[in-house]
Number of protein chains: 2
Amino acid sequence: MSRLDETHDPARVSWVEGADGHPDFPIQNLPLGVFSLDDAPRGGVAIGDFILDLAALADSGLLSCEAQEAARAASGPELNALLEGGGAPRRALRRRISDLLSDPAQRERVEPMLHRTNDCRMHLPARIGDYTDFYVGIHHALNVGRLFRPDAPLLPNYKHVPIGYHGRASSVRPTDAPVIRPSGQLKAADADPIFAPSRRLDFELELGAWIGGGSGLGRPIPLAEAERHLAGLCLLNDWSARDIQAWEYQPLGPFLSKNFLTTVSPWVVTAEALEPYRTAPEPRPAGDPAPLPYLDDPTDRARGGFAIDLEVRISTRKMREEGIEDLVLSRSHARHMYWTVGQMIAHHASNGCDLRSGDLLGTGTLSAPTADGFGSLLELTRGGAEPLSLPNGETRAFLEDGDEIALSGRLSAPGFVNLGFGECRGRVVAG
Amino acid sequence: MSRLDETHDPARVSWVEGADGHPDFPIQNLPLGVFSLDDAPRGGVAIGDFILDLAALADSGLLSCEAQEAARAASGPELNALLEGGGAPRRALRRRISDLLSDPAQRERVEPMLHRTNDCRMHLPARIGDYTDFYVGIHHALNVGRLFRPDAPLLPNYKHVPIGYHGRASSVRPTDAPVIRPSGQLKAADADPIFAPSRRLDFELELGAWIGGGSGLGRPIPLAEAERHLAGLCLLNDWSARDIQAWEYQPLGPFLSKNFLTTVSPWVVTAEALEPYRTAPEPRPAGDPAPLPYLDDPTDRARGGFAIDLEVRISTRKMREEGIEDLVLSRSHARHMYWTVGQMIAHHASNGCDLRSGDLLGTGTLSAPTADGFGSLLELTRGGAEPLSLPNGETRAFLEDGDEIALSGRLSAPGFVNLGFGECRGRVVAG
């Protein structure tokens, strides 16, 4: 069974200047997004430092049949209609665009449909019906658990249930949206609560999974079919106010501590582009309970994971003023998921809950097992008790105004070119 | 300050047959909804046992200015565009419709735009951007807390924070959607979890608040302005699988135990129609902490509550076969809210989270202090330990296949006619 085709060929090159060897968007990636110049938002495909305009492409006469319908479905301000078609229209569009961008004979006709990314504004790729955030990063769950329950860091359900909760769809934004410091109820141990700006503002390193192809209410999705509903991945920063969270979260979970902003990288790296980077998920530690049958499938065990290196960088206002480059805070990997994206989808629909195209599923924080790969300041500073030292003498327990956090991801597999997601970045401003 | 006008006049009568004295929809109500015959869904207004077609009304030439724009905004399959306008267009439309339906001279022109409700299918009134469920029913919180923490039933944050969490928008349905029994992970005390149909399926008696007029990201809503964002109310049944909930909910809150279905009454009883039934909320018990300033406002204290009697009825399959009428399980009242709808809105936006028109906020279960007014079977049967006896000899700890639960609400105020919400009903079917 090979789902690889010529679009994945590492030898394929593009006539688009700078696309070959581009760190994120060589011709093997071709992610989907929504952009605008000073006009109406519409679908586009990233190639190098350019965006191919799908509305223009749909009008060009260069497409036919399924690829033409797919480009038409992507010509509006949201990709939901394209995503609803599932994998077939995405694949048809990808194959045709890969041909057009690699064939020098097409350059004259296609080049006028390219816009410089720097001239464009990026939007969310889809209207998000519901945003769900999971908690599949087991090292994150362990680290957080140790802070509060040193003797029993992992709750008894963790290795049976892919824990998740509903997040807020309205406040998901593409990269570079300002991170307005939220105010909320803060409570010191022996004091009454006050309403004040959060003092423990944090980031969380996550992946986001876009749903393409919905399911009906009352119709569970078997794990063997779950990935048919995966349109693609993005980076996701689940900004968190730890002080608001600590006081509000019992008994119904995080709420205002999270829903002031969630930042995503605006490009959907499609399930097709991800093919060469599929891998077995991290094995379950010996002695762990076997997943219940609805969460157990041989294909998911064989290729449910992703070969993605993840990185978090920080730059403070002072660092920028001093001309100091941003600093890597953390290096992790998508392998650190106790549950796969397929298991997240199958579990979500296991009670009959309906998924819709354009839904967004976060993985939860993907921390590595060691401190250089922790995916939040809560973990990196042990709850703020051990502030980080920055190269210019500053220290950080939590984020200060002016701090900028950037997530990045690198897909790599032997024999294939590297791909990326583009930026997922945000700078903290006072509320 | 009077926000009452001729549309609230109890002496106003309608030429529509059966509207005067109608238990839910006399001319003083005029709720907004979306209906269809065998054609495209569109906005409508309930009057007695009929629906006034807003798309037809917009085409009729009977409206002008703001009322005409409002009807046009309500001519499509979702009322979001109308709701986005806030109170002014709703009021203009209400006044004009009230005139048209009360003036016998208009009967000939308006009557062709009425459809029998029984011939229509009801849809959700709006595209729900986000659904948030609160926990403001303090007697419910106490009852549930007593089951798990007899010594400290109320968590320390309850009287400071209007506790809420994000629900699932995709699975909200209008009345009469089948309640498909969900399956999920169930765990007995000393056994491994299994995946099986829920054995502890429950209802929850709630009100829902529809948001009309959004707020921007990073822009908190002061409590004094919160109700400008309230479009109206509905009944809401937050179906719950208690066994799934017990095992999954730590540490991030309820998820699959709730998101398989939420049923609402399909009519938005508007903020304008609610005016005569505004009342002071239940006073905070002596000694309770004062709300923090952002949750404290004199107008909210004076009229933040609603005079709404609430009722839950059950009919089982056997009861229906035996011709036995449905049985009242519970009688409660909207006064049993520790936090008002205004406080829910102000709290929700206090961190800068953006609200959007068409968002739905549930109150949480509104139990009365005494057992005849408990709003869920969990409370009525003390966690299933004391099953209810039905008149035909059946007993119920939790819901069985074939059971039907109906919520109803009655708005009443001295000197005004009674209004209602219509049905909020669901029948349990096997998964």
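Note that this is a predicted model, so its numbers are computed, not measured. (Residues numbered from 1 in each chain as written. Chains lettered and ligands numbered in written order. Predicted model: local features only at pLDDT ≥ 70, side-chain atom pairs only at ≥ 80, totals over all residues. Heavy atoms only, no water.)

A. Looking closely at the sheet that holds strand β2 (residues 42-47) of chain B. All names here are of chain B. Across the sheet, which stays open at both edges, the 5 strands sit in the order β4-β3-β2-β1-β5 with antiparallel pairing between neighbours. Either end of the sheet is taken by a strand with one partner, and the two such strands are β4 (114-116) and β5 (121-123). Direction aside, neighbouring strands of the sheet carry axes that sit 50° apart on average. Note that strand β1 (residues 32-36) and β5 share 3 bridges and pair antiparallel. When the bridges of β5 are listed, Ser-36 appears paired with Arg-121. (Pairing = 2+ DSSP bridges. Helix = DSSP H or I, 4+ residues; strand = E, 2+ residues; numbered from the N terminus. Axes fitted to C-alpha atoms, helices over the stretch in contact; angles between N-to-C directions.)

B. Highlighting the packing of aromatic side chains. Residues and elements named next belong to chain A. On inspection of all chains with the given rule, the structure shows 14 aromatic pairs over all chains. Look at Tyr-158 and Tyr-338: their rings are 5.8 Å apart centre to centre, the planes differ by 50°, and that puts the pair in the tilted class. One end of the pair, Tyr-158, is in the loop between α6 (138-148) and β7 (164-166); the other, Tyr-338, is in the loop between β21 (327-333) and α12 (341-349), with 180 residues separating them in the sequence. Here the two residues Tyr-158 and Tyr-338 agree in accessibility, since each one is buried. Clustering of aromatic rings is evident, with ring pairs tying together Tyr-135, Tyr-158, Tyr-338 and Trp-339. (Phe/Tyr/Trp six-rings, centres within 6.5 Å; stacked < 30°, edge-to-face > 60°. Buried < 20%, exposed > 50% of the residue type's maximum accessible area, 1.4 Å probe, protein only.)

C. Just helix α12 (residues 341-349) of chain B, in detail. The element α12(B) is extensively covered by neighbouring structure, given that 9 of its 9 residues are classed as buried. For α12(B), every residue scored as buried is listed here: B:Val341, B:Gly342, B:Gln343, B:Met344, B:Ile345, B:Ala346, B:His347, B:His348 and B:Ala349.

D. How the structure looks around the packing of helix α2 (residues 65-73) of chain B against helix α4 (residues 87-102) of chain B. All names here are of chain B. Taken N-terminus to C-terminus, the directions of α2 and α4 make an angle of 100°; their axes are 8 Å apart at the nearest point. Considered as vectors, α2 and α4 are oriented roughly perpendicular to each other. Each of Glu-66, Ala-67, Ala-70 and Ala-71 in α2 lies in contact with α4, whose residues at this interface are Ala-88, Pro-89, Ala-92, Leu-93 and Arg-96. Here the contact of α2 with α4 is built from residues that sort into 7 nonpolar, no polar and 2 charged. (Parallel < 35°, antiparallel > 145°, perpendicular 65-115°, else oblique. Contact = heavy atoms within 4.5 Å. Nonpolar A, V, L, I, M, F, W, Y, C, P; charged D, E, K, R; others polar.)

E. Region of interest: the domain arrangement of chain A. Residues and elements named next belong to chain A. According to the domain assignment, chain A consists of domain 1 (6-123) and domain 2 (131-429). A C-alpha centroid distance of 28 Å is found between domain 1 and domain 2. The partner domain 2 presents 28 residues to the 26 residues of domain 1 that form the contact. Across the domain 1 to domain 2 interface the summed buried area is about 2100 Å²; carbon plus sulfur atoms make up 61%. Looking at the side of domain 1 facing domain 2, the largest losses of area belong to His-8, Leu-83 and Arg-90, adding up to 25% of the total buried there. Linking domain 1 with domain 2 are 3 salt bridges. Of the charged contacts in the structure, one is a salt bridge between Asp-24 and Arg-410, with a shortest N-O distance of 3.8 Å. Connecting domain 1 to domain 2 are 10 residue pairs in polar contact (both at pLDDT 80 or more). If one sorts the elements of the side of domain 1 that touches domain 2 by residue count, helix α4 (residues 87-102) sits on top with 4 residues. Along the lines of polarity and charge, the residues of the side of domain 1 that touches domain 2 split into 11 nonpolar, 10 polar and 5 charged. (Domains from an automatic or database assignment. Buried area = accessible area lost by both parts, 1.4 Å probe. Salt bridge = Lys/Arg side-chain N within 4 Å of Asp/Glu carboxyl O. Polar contact = N/O pair within 3.5 Å; in protein donor to acceptor, adjacent residues only side chain to side chain.)

F. A look at the pairing of strand β3 (residues 50-53) of chain B. Residue and element names in this part refer to chain B. Residues of β3 alternate between two faces, with Phe-50 and Leu-52 on one and Ile-51 and Asp-53 on the opposite face, all of them buried. Relative to β3, β2 runs antiparallel, the two sharing 4 bridges. Counted as the bridge partner of Ile-47 is Phe-50 from β3. Counted along the chain from β2 to the antiparallel partner β3, the turn is 2 residues long, and its residue Gly-48 has a positive phi close to 55°. Note that β3 and β4 share 3 bridges and pair antiparallel. Note on β4: the bridge partner recorded for Leu-52 is Leu-114.

G. Spatial organisation of the relation of the copies chain A and chain B. With an RMSD of 0.0 Å, the operation that places chain A on chain B is a rotation of 180° combined with a shift of 0.0 Å along the axis. On this basis, the relationship between the two copies can be described by a two-fold rotation axis. Ranked by how close their C-alpha atoms come to the rotation axis, the residues of chain A are headed by A:Gly253, at 2.2 Å. When you check the interface residues of chain A against chain B, 100% turn up at the interface there too, and the contact is symmetric in its surfaces. (Least-squares fit on C-alpha atoms with pLDDT ≥ 70 in both.)

H. Molecular detail of the sheet that holds strand β3 (residues 50-53) of chain A. Residues and elements named next belong to chain A. With antiparallel pairing, the 5 strands of this open sheet are ordered in space as β4-β3-β2-β1-β5. Of all the strands in the sheet, just β4 (114-116) and β5 (121-123) have a single pairing partner and so form its edges. Going from strand to strand, the sheet's axes swing by 50° on average, the running direction of each strand aside.

I. Structural view of the environment of A:His333. Residue and element names in this part refer to chain A. Within the fold, His-333 resides in strand β21. Taking C-alpha positions, His-333 is 5.7 Å from Ile-308, a pair spaced 25 residues apart along the chain. Residue contacts for His-333: discarding those within four places in its chain leaves Phe-306, Ala-307, Ile-308, Asp-309 and Leu-310.

J. Region of interest: the interface of chain A and chain B. The interface of chain A with chain B comprises 55 residues on the first partner and 55 residues on the second. Carbon and sulfur atoms make up 61% of the surface buried where chain A meets chain B, a total of about 5300 Å² over both sides. At the boundary of chain A and chain B, one finds 6 salt bridges. Across the pair A:Asp130 and B:Arg168 runs a salt bridge, and its minimum N-O distance is 3.4 Å.

K. Quick look at the pattern of salt bridges. Residue and element names in this part refer to chain A. A complete count under the given rule lists 68 salt bridges over all chains for this structure. For Arg-425, the salt bridge goes to Glu-423, with nearest N and O atoms at 3.9 Å. In this structure Arg-425 comes out as partly exposed when scored by relative accessible area, which is 24%. Overlapping salt bridges bring together Asp-176, Glu-311, Arg-313, Asp-326, Arg-331, Glu-423 and Arg-425 as one network.

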